[in-house]
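In case you want the letters, here they are:
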Amino acid sequence: MAIAQTILTQDLADEIALVDAQPAKLRGEMLDLQHAAAFLPRTKIIASTDYSVTVGSDLCIVSAGARQIAGESRLNLLQRNVALFRGIIPPLAKYSPGTILMIVSNPVDVLTYVAWKLSGFPSNRVVGSGTNLDSSRFRFLIADHLDVNAQDVQASIIGEHGDSSVALWSSISVGGVPILSFLEKQQIPYEKETLEGIHKAVVDSAYEVISLKGYTSWAIGYSAANLARSILRDQRKIHPVSVLAKGFYGIDDGDVFLSLPALLGRGGVLGVTNVNLTDEEAHRLRKSAQTILKVQSQLGL
Amino acid sequence: MQKSASASSLGPGGIDLSQIFFKPTQNTSTPSPTKRHTKISVIGAGNVGMAIAQTILTQDLADELALVDAKADKLRGEMLDLQHAAAFLPRTRILASTDYSATDGSDLCIVTAGARQNPGESRLNLLQRNVEMFQGIIPPLARSSPDTILMIVSNPVDVLTYVAWKLSGFPSNRVIGSGTNLDSSRFRFLIADHLDVNAQDVQAYIVGEHGDSSVALWSSISVGGVPVLSFLEKQQIPYEKEALERIHKAVVESADEVISLKGYTSWAIGYSAANLARSLLRDQRKIHPVSVLANGFYGIAGDVFLSLPALLGRGGVLGVTNVHLTDEEAQRLRNSARTISEVQSQLGL
């Protein structure tokens, strides 16, 4: 609902369809959005437990899944969610054969792979929200420290949306100034452990919010709406999102989805940027790919 | 401007770049105090408070947003969840505390704190629980921001807006209740949906109590400027009073319906409050049906707050429009006022 409501407030769609298994909750949510009609541009809002309501969608965002419990790793949710996807992805693909599928449910990388397999879609039309939000949290931490607007901070976290994600330290820049070479030129010493600490703070962010309020909602809502805008308005913006990574950065072991800096537009994933990775970053990325592949191989898809 | 405590160094045991990354400009002087910096405080980080806060944030209505709640963990979690979206939003300072000092210097304070209305519970039954809570909320808010505008959302909103007015000592133009702004939106939605027209082309007000005794101003409904009732009469389309009553009842029951389906309402009241915040803080001089001190209007005597079509701007409530009421509408409005006064008189304020 945070995703739907943010999309509504930001006027990104003419029609929004909501689907859930719980009809009373679903109807309540639909009414609660419709009642705001006088305060919003006119948007058709429909809801049903039946997937026929999604017919003709330009974008389908899948957030269905068990809620991640405090302390539960994203990978532990997996089996519950794969079963769920067997009932979700095929009907979505049937009703909107030309749609773009965006997967938000965790563990997002494996589930994006699952969605790709179950839909039969070409890989440019299947994307996972991936590390788009991790990167926003990363940019927030850096921006807050420097007291500068987060949009002036370029910083990506890629790889698995989870514990094995990779912070691209060599690619962080603020107002165009690359941070690490700035530190070196200013002769400010820094320790690798410090950078690890910052990265860990980002990975732990979601768990922190979950332990405090029980779940996360607002930030992922803004993240998904941000991706929706880039795709539907053909913005050709670069986002770290979960894409089919095979063939990029030496990832050749198998069909794996993980976050890479991807160019997004109306055609979906238009390309993957050629970031210059350090040997260590490339190595961690391949390890991240292996972590995901190991889990994926147990699924029999 | 102070940064959050965690930002003083980058990472645990971390690096401090902040003194050297930017070379400060020389010979500076602080800008004039009239430079615009809008601060909104939201009291209560529950479903309603957070929907309001998040909508205000998405609609870029404030430079600074403060959240206050009694539950420290929940509050911090909500604050972080908003801050983490920094890369996707215009820069807005977001702070949260269980202490009212966080609300210092607010231009607008929105109070949502209160017990959740149970399905079937009338709004008036929530009252006693919420009056006590307000004794701990309104005085500190008024101390932290003596010039602020107070907007009350907690139910029963009309009585609680009266309570807030009394406890704050503020002039009545700076104390309003969200009132029937949302009921009117639901009313407009029903009419617009039926006609398949944009809800913003439907003018329709529900006034009076935000509750069972609210008054639908049928004589004032127009669509694209066409008054609906006289349209029906000119077209010789018969309608029954009961049909109108049923539509009004559907609006009154809307909230209960949503509560029974999803457990509470949040999104619509979020948009409603943000809509009011915009009219106030951006001095829009728009007319909204909101809960104001009704003494002296439409033959209402006594200090009672209820919704009337009010002109809102940066100075708060600038006036109340002189809508032409039928005798029946005027009578119902006075009945509504009496209903609220009766409850109010039991409070001893």
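Residues numbered from 1 in each chain as written. Chains lettered and ligands numbered in written order. Predicted model: local features only at pLDDT ≥ 70, side-chain atom pairs only at ≥ 80, totals over all residues. Heavy atoms only, no water.

Q: Looking at this structure, I do not really get the interface of chain B and chain A. What am I missing?
A: Quite often, the size of an interface is put as the accessible area lost when its parts meet. Taken together, the contact pairs 66 residues of chain B with 64 residues of chain A. Taken as a group, Phe88, Trp267 and Tyr271 of chain B account for 14% of the area that chain B buries against chain A, more than any other trio of residues on that side. Counting across the chain B and chain A interface gives 8 salt bridges. Residue Glu208 of chain A pairs with Arg76 of chain B through a salt bridge whose shortest N-O separation is 3.1 Å. Across the chain B-chain A interface, the total number found is 33 residue pairs in polar contact (both at pLDDT 80 or more). Those elements giving two or more residues to the side of chain B that touches chain A turn out to be helix 1 (47-58), helix 2 (72-83), helix 5 (181-195), helix 7 (241-262) and helix 8 (267-281) of chain B. The element that contributes the greatest number of residues to the side of chain B that touches chain A is helix 2 of chain B, accounting for 9 residues. Looking at the side of chain B that touches chain A, its residues break down into 30 nonpolar, 23 polar and 13 charged. (Contact = heavy atoms within 4.5 Å. Buried area = accessible area lost by both parts, 1.4 Å probe. Salt bridge = Lys/Arg side-chain N within 4 Å of Asp/Glu carboxyl O. Polar contact = N/O pair within 3.5 Å; in protein donor to acceptor, adjacent residues only side chain to side chain. Helix = DSSP H or I, 4+ residues; strand = E, 2+ residues; numbered from the N terminus. Nonpolar A, V, L, I, M, F, W, Y, C, P; charged D, E, K, R; others polar.)

Q: Where do I start with the UniProt feature "domain: Lactate/malate dehydrogenase C-terminal" (unreviewed entry) in chain A in this structure?
A: The positions that UniProt labels "domain: Lactate/malate dehydrogenase C-terminal" (unreviewed entry) are, in the present scheme, residues 131-294 of chain A. When the span residues 131-294 of chain A is considered, its composition is 46% helix and 20% strand, and the gap between its end C-alpha atoms is 20 Å. (UniProt positions renumbered as here; feature names shortened; annotations may be inferred.)

Q: Would you take a moment to explain the packing of aromatic side chains for this structure?
A: Aromatic rings in a pair are described by how distant their centres are and how their planes are angled relative to each other. Residue and element names in this part refer to chain A. Enumeration according to the criterion identifies 7 aromatic pairs over all chains in this entry. Ring geometry for Tyr113 versus Trp116: centroids 6.1 Å apart, planes at 55°, classification tilted. You can see Tyr113 and its partner Trp116 sitting in helix 5 (residues 108-119), 3 residues apart, about one turn around the helix. Above the face of the Phe121 ring, Arg125 is positioned so that its terminal group lies 4.3 Å from the ring centre. (Phe/Tyr/Trp six-rings, centres within 6.5 Å; stacked < 30°, edge-to-face > 60°. Lys NZ or Arg CZ within 6 Å of the ring centre and 35° of its normal.)

Q: I keep staring at the pattern of salt bridges and nothing clicks. Help me out?
A: A side chain with one charge can pair with a side chain of the opposite charge if their charged atoms come near. Counted by the stated rule, this structure contains 24 salt bridges over all chains. Asp196 of chain B serves as the salt-bridge partner of Arg42 of chain A, at 3.1 Å between the closest nitrogen and oxygen. Pair noted here: Arg42 of chain A is in the loop between helix 2 (23-34) and strand 2 (44-48) and Asp196 of chain B is in the loop between helix 5 and strand 7 (202-203), and the two residues belong to different chains. For the pair formed by Arg42 of chain A and Asp196 of chain B, the shared burial category is exposed. Three or more residues joined by partner-sharing salt bridges are found here, namely Lys25, Glu29 and Asp32 of chain A together with Lys262 of chain B. (Buried < 20%, exposed > 50% of the residue type's maximum accessible area, 1.4 Å probe, protein only.)

Q: How should the sheet that holds strand 6 (residues 153-154) of chain A be read in this particular structure?
A: With antiparallel pairing, the 3 strands of this open sheet are ordered in space as 6-9-10 (chain A). The open sheet has two edge strands, strand 6 and strand 10 (177-178) of chain A, and neither has a second partner. (Pairing = 2+ DSSP bridges.)

Q: Even after reading the chapter, I still don't get the sheet that holds strand 10 (residues 222-223) of chain B, so can you show me in this structure?
A: Where strands meet in a sheet, backbone hydrogen bonds hold them as pairs that are either parallel or antiparallel. All names here are of chain B. Strand order across the open sheet formed by 3 strands is 7-10-11, with antiparallel pairing between neighbours. Taken across any chain shown, the strands that pair with only one partner, and hence form the sheet edges, are strand 7 and strand 11 (226-227). As paired elements, strand 7 and strand 10 share 2 bridges and run antiparallel to each other. Within strand 10, the residue paired with Gln203 across the bridge is Ser222.

Q: Is there a simple way to explain the UniProt feature "domain: Lactate/malate dehydrogenase C-terminal" (unreviewed entry) in chain B in this structure?
A: Feature annotation in UniProt places "domain: Lactate/malate dehydrogenase C-terminal" (unreviewed entry) on residues 180-340 of chain B, given in this structure's numbering. For residues 180-340 of chain B, the end-to-end C-alpha separation is 14 Å, with 45% helix and 20% strand making up the annotated structure.

Q: Before we go on, may I ask you to explain the packing of helix 3 (residues 78-86) of chain A against helix 5 of chain A in this structure?
A: Residue and element names in this part refer to chain A. At a minimum axis distance of 10 Å, the contact between helix 3 and helix 5 shows a crossing angle of 25°. Here helix 3 lies roughly parallel to helix 5, going by the angle between them. In the packing of helix 3 onto helix 5, the handedness of the crossing is right-handed. Along its contact with helix 3, which presents Leu78, Asn81, Val82, Phe85 and Arg86, the element helix 5 presents Val110, Leu111, Val114, Ala115 and Leu118. Its residues assigned to classes, the contact of helix 3 with helix 5 comprises 8 nonpolar, 1 polar and 1 charged. (Axes fitted to C-alpha atoms, helices over the stretch in contact; angles between N-to-C directions. Parallel < 35°, antiparallel > 145°, perpendicular 65-115°, else oblique. Left-handed = near helix turned anticlockwise from the far one by under 90°.)

Q: Can you walk me through the nonpolar core in this structure?
A: The nonpolar side chains of soluble globular proteins are, as a tendency, buried together. Residues Leu260 and Leu285 of chain A together with Ile40, Ile56, Leu108, Met151 and Leu333 of chain B are the most contacted members of the largest nonpolar core, which totals 171 residues. Apart from the residues within four sequence positions on either side, Leu108 of chain B is in contact with Lys39, Ile40, Ser41, Thr148, Ile149, Met151, Ala277, Leu280 and Leu281 of chain B. Counting residues in hydrophobic clusters, the runner-up holds 26 residues, among them Phe138, Ala143 and Val153 of chain A together with Leu17 of chain B. (Core = buried A, V, L, I, M, F, W, Y, C linked by side-chain atoms within 4.5 Å.)

Q: Help me out: how do you make sense of the confidence of the model for chain B in this one?
A: Caution applies to low-pLDDT parts of the model: their predicted coordinates are not meant to be read in detail. This prediction gives chain B a mean pLDDT of 90; 95% of its residues lie at or above 70. Scoring the predicted complex yields pTM 0.91 and, for the interface, ipTM 0.92. (pLDDT = per-residue confidence, 0-100.)

Q: Is there a simple way to think about the pairing of strand 4 (residues 100-103) of chain A in this case?
A: On a regular strand, one side chain projects to one face of the sheet and the next to the other, so that they alternate. Residue and element names in this part refer to chain A. Alternating residues of strand 4 divide into Ile100 and Met102 and Leu101 and Ile103, and every residue in both groups is buried. Sheet analysis places strand 3 (residues 59-62) next to strand 4, joined by 4 bridges and oriented parallel. Paired with Val62 across the strands is Ile103, a residue of strand 4. The pairing of strand 4 with strand 5 (residues 126-128) spans 3 bridges and is parallel. Bridge pairing in strand 5 links Leu101 to Val126. Regarding the hand of the β-α-β motif, the stretch spanning strand 4, helix 5 and strand 5 is right-handed. (Right-handed = clockwise from strand over helix to strand, strands pointing away.)

Q: Please clarify how a positive patch on the surface should be interpreted in this entry.
A: Residues and elements named next belong to chain B. Judged by side-chain charge, Arg36, Arg278, Arg282 and Lys286 come together as a positively charged surface patch. Checked against the element boundaries, Lys286 lands in strand 12 (residues 286-293). The partly exposed category is assigned to Lys286, whose relative accessible area is 43%. (Patch = residues over 30% accessible without salt bridge, like charges linked within 9 Å, V, L, I, M, F, W, Y side chains within 5 Å. Areas by Shrake-Rupley, 256 points an atom, 1.4 Å probe, with all protein chains shown as cover. Lys, Arg positive; Asp, Glu negative; His and termini not counted. Charge placed at Lys NZ, Arg CZ, Asp CG, Glu CD.)

Q: Just to check I follow, could you spell out helix 6 (residues 132-146) of chain A for this structure?
A: Given 3.6 residues per turn, any residue in an α-helix points the same way as the ones three and four places further on. If you check helix 6 of chain A, its first and last C-alpha atoms are 21 Å apart, about what 15 residues at 1.5 Å a residue would give, namely 21 Å. Remark: Asp147 of chain A follows helix 6 of chain A within two positions and exhibits a positive phi of approximately 55°. (Expected span 1.5 Å × (residues − 1).)

Q: How should I be thinking about the environment of Asn124 of chain A in this particular structure?
A: All names here are of chain A. Along the chain, Asn124 falls in the loop between helix 5 and strand 5. By relative accessible area, Asn124 is classed as partly exposed at 28%. C-alpha of Asn124 to C-alpha of Asp163: the two residues are 39 residues apart in sequence and 26 Å apart in space. With near-sequence residues (within four places) excluded, Asn124 lies in contact with Gly267, Gly268 and Val269.

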